[in-house]
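Tertiary structure, described
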Amino acid sequence: MTDFPDNPMGLSPRSINDASRSLRNDSESSESDDSLLRRVNENDSIAMTKLFDRYAGMVYSVAVRVLRDAGRAEDLLQDVFFQLWRKPESFVSSRGSLGAWLLVVTRNRAIDVLRRRRPMESVDDYPLASTISFASEVEQGAMMQKVRKALAMLPSEQRNALELAYFEGLSQTEISERTGDPLGTVKTRMRLGLISLRKALQA
Amino acid sequence: MNGGTHIAQDDLALYAMGDLRGEELKQVRDHLQGCAECREEARAIAEDLAAIGMSVEQHAVPAGARQRFVESLGGEAKTQSPKRAETTVTPISVARPRTVWVPWAVAAVLAVGAAGLGVKVNTLRQQLHNQSRMLAQSQEEGVRSQRVLALLRTPHAQRVTLTPAKTPAVPSGHTIYLAERGELIFQGSNLKSLPQDKAYELWVIPANGTAPIPAGVFRPDSSGDASVVMPPLPPGVPAKAFAVTVERAEGSAAPTSIPILSGAPTQGE
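Quick caveat, the model's predicted, so the values are computed rather than measured. (Residues numbered from 1 in each chain as written. Chains lettered and ligands numbered in written order. Predicted model: local features only at pLDDT ≥ 70, side-chain atom pairs only at ≥ 80, totals over all residues. Heavy atoms only, no water.)

1. What to know about the overall build of chain B
Helix and strand counts for chain B come out as five helices and eight strands. Along chain B, helices (α) and strands (β) appear in the sequence α-α-α-α-α-β-β-β-β-β-β-β-β when read from the amino end. In chain B, the proportion of contacts linking residues at least 24 apart, taken out of those at least 6 apart, comes to 60%. As displayed, chain B offers around 15,300 Å² of accessible surface, 57% of which is attributable to carbon and sulfur atoms. (Helix = DSSP H or I, 4+ residues; strand = E, 2+ residues; numbered from the N terminus. Contact = heavy atoms within 4.5 Å. Areas by Shrake-Rupley, 256 points an atom, 1.4 Å probe, with all protein chains shown as cover.)

Below you can see the structure in the form of structure tokens.
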């Protein structure tokens, strides 16, 4: 999975920044993630702080959603960004945009914390190659609204199954036990849910 | 796992969510290396799942979090050692057979001394880092206290008394909520104790009819008292009502039971 263009999600720094309510000014927003990461590679803490400002809100929000604990969510926030500071080479642009990668790393680590399971050895182990095109039509959380709308349009059973898997890290078997629905039904709902979500986002 | 030819979509979803470990993870990775079709499907699933992550309610980063992060950058060395830590080696052009051990002995003594100093420096640096963190935490607590006081003193903050929905008014809850800043304090009294796998969860019911917003999971003390102070809430969400439900211990994404306490702000609040 190395044949993807840089920043394939096309999610502009401004979009993510605005959505996460960070406090970056316009002059700072002009520097690309790649440029900032190059400076981070050279031990530039100012560049690292700018990346923190750019994505901390989004990372923290995902951590809060999964962990439901502000303290643990901040611990995770610090951990994710400090990992990026120590090993900026962990992120390679072929894995997608930095924002999407941080989001996935945060979600997966939060689930590890929630389920008290051993985390993967490094963030490099996390699979992601997101090429979804949020494109330039996205401004100030428009993408979030689109996703929320798409999720709201799903039948509640499908949405519930996806959210239990994504935000609580439940396996399909565990979802079946939790909801009392047959395992096959859970699998079908998740599959249909993902398909419907994909269609809605591509529409 | 792959059914002979391709990996099942269910397994690709588990892979995309980072839920595979050990041999299963290795099998999927190995297969994806050589299967463009499965690789494309895995990528598509990753896209879908990343989109779900985009749906979460946004929360402001806690006060002081940025400062703590900035301080941690200064207090911790990166994996790659800085250049100034590298040892400079000066070649000795003229050999002196009888006293050749002297510079080596001096160098060894200096090296031991330098190592000791290095340990000391690292210890002091760690202490400084810890002190800085404690100071930052104290400052944050001070800021938080100020905010709590300001919220309590704000005349137009909503003050709501929550009473049992259908039962005699024994348990009660009081909420102070400032919608414009997303700040809330809840105090509960006479709450019944719950089994270990259950907890109370407070909800803000938005006035615009959107889904209830979780505002904190809590358990009462032995006296039945409990409080939720400044839970992470989005600012600018006027509340139609507040409610408390019994949920599983870690809390729920949406209420799953009938509220045991609920209340709405009176007109004008």
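Having put the structure on the table, let's press on.
2. Structural notes on the nonpolar core
Formed by 75 residues in total, the largest nonpolar core has its most connected members in A:Met48, A:Leu51, A:Phe81, A:Leu84, A:Leu98 and A:Leu102. Setting aside residues no more than four positions away along its own chain, A:Met48 makes contact with A:Val40, A:Phe81, A:Leu84, A:Trp85, B:Phe69 and B:Leu73. Among the nonpolar cores identified, the runner-up in size contains 22 residues, and B:Leu162, B:Leu184, B:Leu202 and B:Ile213 belong to it. (Core = buried A, V, L, I, M, F, W, Y, C linked by side-chain atoms within 4.5 Å. Buried < 20%, exposed > 50% of the residue type's maximum accessible area, 1.4 Å probe, protein only.)

3. Things to note about the pairing of strand S4 (residues 198-206) of chain B
All names here are of chain B. In terms of burial, S4 is a largely internal element, eight of the nine residues being buried. Bridge analysis of S4 against strand S7 (residues 239-248) gives nine bridges, and the strand direction is antiparallel. By the bridge assignment for S7, Leu202 is matched with Val244. Of the strand pairs in this sheet, S4 and strand S5 (residues 213-218) are connected by four bridges, and their pairing is antiparallel. What sits directly across from Tyr200, in S5, is Phe218. Linking two consecutive strands that pair antiparallel, namely S4 and S5, is a turn of six residues; a positive phi of about 85° is found at Gly209 within it. (Pairing = 2+ DSSP bridges.)

4. Notes on the packing of aromatic side chains
In this structure the tally under the stated criterion is seven aromatic pairs over all chains. Aromatic pair A:Phe52 and A:Phe81: ring centres 5.0 Å apart, planes at 65°, arrangement edge-to-face. Placement of A:Phe52 in helix H4 (residues 45-67) and of A:Phe81 in helix H5 (residues 70-86) is noted, with a sequence separation of 29 residues between them. Overall, A:Phe52 belongs to the buried group, its relative accessible area being 1%. Taken together through their ring pairs, the aromatic side chains of A:Phe52, A:Phe81 and B:Phe69 make up a single cluster. Of note, A:Arg65 hangs over the ring of A:Phe167, and the distance from its end group to the ring centre comes to 4.1 Å. Positioned over the ring face of A:Tyr166 is A:Arg107, at 4.9 Å from the centre of the ring. (Phe/Tyr/Trp six-rings, centres within 6.5 Å; stacked < 30°, edge-to-face > 60°. Lys NZ or Arg CZ within 6 Å of the ring centre and 35° of its normal.)

5. Some words on the packing of H4(A) against H5(A)
All names here are of chain A. Interhelical geometry of H4 versus H5 gives an angle of 145° and a closest axis separation of 8 Å. Once H4 is placed against H5, the crossing between them reads as right-handed. Residues Ser45, Met48, Leu51, Phe52, Tyr55, Ala56, Val59, Tyr60, Ala63, Val64 and Leu67 of H4 form the contact with H5, whose participating residues are Ala70, Arg72, Ala73, Glu74, Leu76, Leu77, Phe81, Leu84 and Trp85. For the contact of H4 with H5, the per-class residue count stands at 17 nonpolar, one polar and two charged. (Axes fitted to C-alpha atoms, helices over the stretch in contact; angles between N-to-C directions. Left-handed = near helix turned anticlockwise from the far one by under 90°. Nonpolar A, V, L, I, M, F, W, Y, C, P; charged D, E, K, R; others polar.)

6. Things to note about unusual backbone geometry
A positive phi angle is found at A:Arg68, which is not glycine, with a value near 55°. Of note in this structure, B:Met230 is not a glycine but carries a positive phi near 50°. Tracing the chain through its elements places B:Met230 in the loop between strand S6 (226-229) and S7. For B:Met230, a relative accessible area of 11% translates into the label buried.

7. Remarks on the pattern of salt bridges
This model, assessed by the stated rule, comprises 13 salt bridges over all chains. Between A:Arg115 and A:Glu174 there is a salt bridge, with its nearest N and O atoms 2.4 Å apart. With A:Arg115 in the loop between helix H6 (98-114) and helix H7 (142-153) and A:Glu174 in helix H9 (residues 172-179), the pair connects residues that are 59 residues apart, well separated along the chain. For A:Glu168, the salt bridge identified is with B:Arg248, shortest N-O distance 2.5 Å. Placement of A:Glu168 in helix H8 (residues 156-168) and of B:Arg248 in strand S7 is noted, with the two residues assigned to different chains. B:Arg248 carries the same exposure label as A:Glu168, and that label is buried. Through salt bridges with shared partners, a single network forms among A:Glu168, A:Arg178, B:Arg248 and B:Glu250. (Salt bridge = Lys/Arg side-chain N within 4 Å of Asp/Glu carboxyl O.)

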